[in-house]
Amino acid sequence: MAGKKIRVLVAKPGLDGHDRGAKVICRSLRDAGFEVIYTGLRRTPEEIVSSAIQEDVDVIGLSILSGAHNVLVPKIMDLLKEKGAEDVNVIAGGIIPDKDIPGLEKMGISKIFLPGSSTEDIVEWIKENIKEASAV
Amino acid sequence: MKKNNPSQNPLKQAFSIWKKEKFDKVMRDTDCDQSGFTTVSGKKIKELYTPLDLDGLDYAQQLGFPGEYPYTRGIHPTMYRGRLWTMRQFSGFGAAEDTNKRYKYLLSHGQTGLSVAFHLPTLMGIDSDHPLAVGEVGKCGVAIDSLADMEILFDGIPLDKISTSMTINPPAAVLWAMYIAVAEKQGVSPKVISGTIQNDILKEYIAQKTFVFPPESSMKLIVDTFEYGAKEVPRWNTISISGYHIREAGSTAVQELAFTLRDGIEYVEWAQKRGLDVNEFVPRLSFFFNAHNDFFEEIAKFRAARKIWAEVMKERFKAKDPRSWWLRFHTQTSGVSLMAQQPQNNVIRVALQALAAVLGGTQSLHTNSLDETYALPSEDAVTIALRTQQVIAHESGVINSADPLGGSYFVETLTAQMEKEAKDYIKKIDDMGGMVKAIELGFPQKEIADSAYWYQKAVERKEKIIVGVNAFEMDHEPIPTLKIEDTVGKQQLARLKKIKKTRNNSEVKAKLLDLKRAAKDDQNLMPFLLGCVKAYATLGEIMDALKEIYGEYKEPITY
């Protein structure tokens, strides 16, 4: 059954320009058959949330390597709630100390992929958790 | 380098017998897959190298003695007997006071030079009170908004004795002006200070993506620093042409080598267009490479780099002063090779990478800390990193003889191969019309993204093994990491506010106007930048003034 393709926004908030990981993820998700939209560098939480709504994505993948996750993630989660888009799954990866993970999960991040995660794991996680899309 | 040399025939015969009757025979009986013997860059390596591989090697032409053209074996005749490499740990976090304390700690424990890590707002040329700086202040490096912060950063550090490297790119000229101003306040003349500004915008467009202005204006600012430095700050390296970030973004060793050297050629060409003499400014160009996991490939890369650059300067640019032929370089061990899993293993990775850098003849070295996949390094972690260099320098014995691997069948073959492959890339970029053109075409960016993707997939297929990640996994306890308190941001904003209130604001306005006028008239901006920083204009104000004239670069979004 040809359902609607899962749509993923890969976003880089904050000031860091390290986009190696984000780009590898974009290609891997595309090769896995997802629709991928990449925001490019240095997007504000407002820009990311409005792209997510405009593109009607199922998942937002945040790549943060600057250490600003504890400030940027709550802003993005609040904005999603404010715009009634809290059903979008938010996942994240990058340089995130273990001790920050519970706090981020409490804010509503669905999953954090730490360094060394395989692109396979990320693809599998998305397929498993975004089941509704194929049923639409 | 291979010629048909009849005197090698008996050896050739003996080798083919050995290969068939010994090596292949044993391999046939074992179940060992032969496809996996490649470098971390995917380069195939043979089972054995012999004199046959070096047949035709001309010692004088391809290697020479250390300190002699083409410098394959090192730029100094005495190498580490004359002077060890500079142990220079890249460091910066929090407010200027915090980093000043760390510098004094490192200097008191045997570090011999400073290397400033700025926080992301400074790297991007915006102030700590900019909306995009929220959450970033003091996180990835030290917060510097104005000369006032810079005065605190170097408080009590004698700038006539300590050399300082500053990793800063689009706003490099501004931070350099601040450094010159701090030195003057200490009573130290610009003629005496020494150090390096990274100031390499091409690799930013290619790899690290910290850009502000469009390429043409960025190149103009860089040539300004070459011109000013050659006359006024003669002991300063006005650029550090960097392969480090190209490699970290996923390139192979050859791509790192080729793109970096082609960037170097691009800078020389743009400076020549202004009428600068290669014998005057090129001796102050320096390089910065990555030391990645593949031990011999890295050593070959450093050796090939020296040889190609010497040839480029002598043959292509007709430089007469031998100092223009020297490729002097700093090395940093590879950040991306550090693993979050079983982080103590990173100490071993760093030691091997650092050893490769030393065997490759580096002039200066940064060793990464074991905890850097989590946060900026703790004091304990950075101490182990520094001790790693000291063990190599003082215990291993590798410094006793220059270029100790010179003459190795394997290393010489690999060096010659890397030289050839890098030259092919350089030729390709020449044909595109130079590096700025190649960047506009997205060529180096695409090559790097392809390599990064290939490597990730190779790891996932377990063709490349990473200990603790896709093999030998086990659980480990979390390690202690450095935390930057959020109060740093508040303190920094308060200081910035105070500076803006207490300085002479009409002077600031006048100096910024002078700067804009000079930019419009295409004058060398260094004297005007000095005027601005001495009046305590902030970095953000200065960069905004220049953005009005030069505009901003927008990157095409691709993956």
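The structure reproduced in this document is the subject of the present report. Predicted model only: the values in this text are computed from it and were never measured.

So, on to the overall build of chain A. The helix and strand inventory of chain A stands at six helices and five strands. Across chain A, helices and strands are ordered from the amino to the carboxyl terminus as β-α-β-α-β-α-β-α-β-α-α. Along the three orthogonal principal directions, the C-alpha set of chain A runs to about 40 × 35 × 25 Å. The buried share among the 136 residues of chain A stands at 54%. Of all intrachain contacts in chain A linking residues separated by at least 6 positions in sequence, the fraction that spans at least 24 positions is 74%. Summed over its atoms, the accessible surface of chain A is roughly 5,900 Å², and 50% of this surface lies on carbon and sulfur atoms.

Once that is clear, we can look at the sheet that holds strand β2 (residues 90-91) of chain B. All names here are of chain B. Taken in spatial order, the five strands line up as β2-β3-β4-β5-β6 in an open sheet, and their pairing is parallel. For this open sheet the edge positions go to β2 and β6 (236-237), each flanked by a neighbour on one side alone. Here two bridges tie strand β5 (residues 195-197) to β6, and the two strands are oriented parallel to one another. In the strand pairing of β6, G195 is matched with W236. Each of β2 and β3 (114-117) is contacted by helix α4 (residues 96-108), which is oriented at about 155° to β3, the strand it contacts most. Packed onto the sheet, helix α7 (residues 172-185) meets β4 (164-167), β5 and β6 and runs at close to 150° relative to β4.

Residues and elements named next belong to chain B. The strand order across the open sheet formed by five strands is β1-β10-β9-β8-β7, and the pairing between neighbours is parallel. This sheet does not close on itself; its edge strands, each paired only once, are β1 (86-87) and β7 (239-242). Strand direction decides the pairing type here: strand β9 (residues 329-333) and strand β10 (residues 364-366), joined by three bridges, are parallel. If you follow H330 over to β10, its bridge partner there is S364. The sheet strands contacting helix α14 (residues 346-359) are β8 (285-291), β9 and β10, and the helix crosses β9 at an angle near 165°.

Once that is clear, we can look at the interface of chain A and chain B. Of the residues lining the interface, 38 residues belong to chain A; the matching set on chain B comes to 43 residues. Interface area for chain A against chain B, summed over the two sides, is near 3,200 Å², with a carbon-plus-sulfur share of 56%. Contact with chain B buries surface across chain A, with L15, R20 and R27 of chain A losing the most and accounting together for 25% of the total. Inspection of the region where chain A meets chain B yields two salt bridges. K209 of chain B is paired through a salt bridge with D19 of chain A; the nearest N and O atoms lie 2.9 Å apart. Between the two partners, chain A and chain B, sit 13 residue pairs in polar contact (both at pLDDT 80 or more). Contributing elements (two or more residues each) for the side of chain A that touches chain B: α1 (20-31), β2 (35-38), α3 (69-82) and α5 (119-129) of chain A.

Once that is clear, we can look at the environment of I384 of chain B. Residue and element names in this part refer to chain B. Turning to its location among the elements, I384 is positioned in helix α15 (residues 379-394). Given a relative accessible area of 39%, I384 falls into the partly exposed group. In the structure, I384 is positioned 45 residues away from I429 in sequence and 41 Å away in space, judged by C-alpha atoms. Sequence-distant contacts of I384, defined by excluding residues within four places in its chain, comprise V347 and L370.

Criteria and thresholds
- Residues numbered from 1 in each chain as written.
- Chains lettered and ligands numbered in written order.
- Predicted model: local features only at pLDDT ≥ 70, side-chain atom pairs only at ≥ 80, totals over all residues.
- Heavy atoms only, no water.
- Helix = DSSP H or I, 4+ residues; strand = E, 2+ residues; numbered from the N terminus.
- Buried < 20%, exposed > 50% of the residue type's maximum accessible area, 1.4 Å probe, protein only.
- Contact = heavy atoms within 4.5 Å.
- Areas by Shrake-Rupley, 256 points an atom, 1.4 Å probe, with all protein chains shown as cover.
- Pairing = 2+ DSSP bridges.
- Axes fitted to C-alpha atoms, helices over the stretch in contact; angles between N-to-C directions.
- Buried area = accessible area lost by both parts, 1.4 Å probe.
- Salt bridge = Lys/Arg side-chain N within 4 Å of Asp/Glu carboxyl O.
- Polar contact = N/O pair within 3.5 Å; in protein donor to acceptor, adjacent residues only side chain to side chain.

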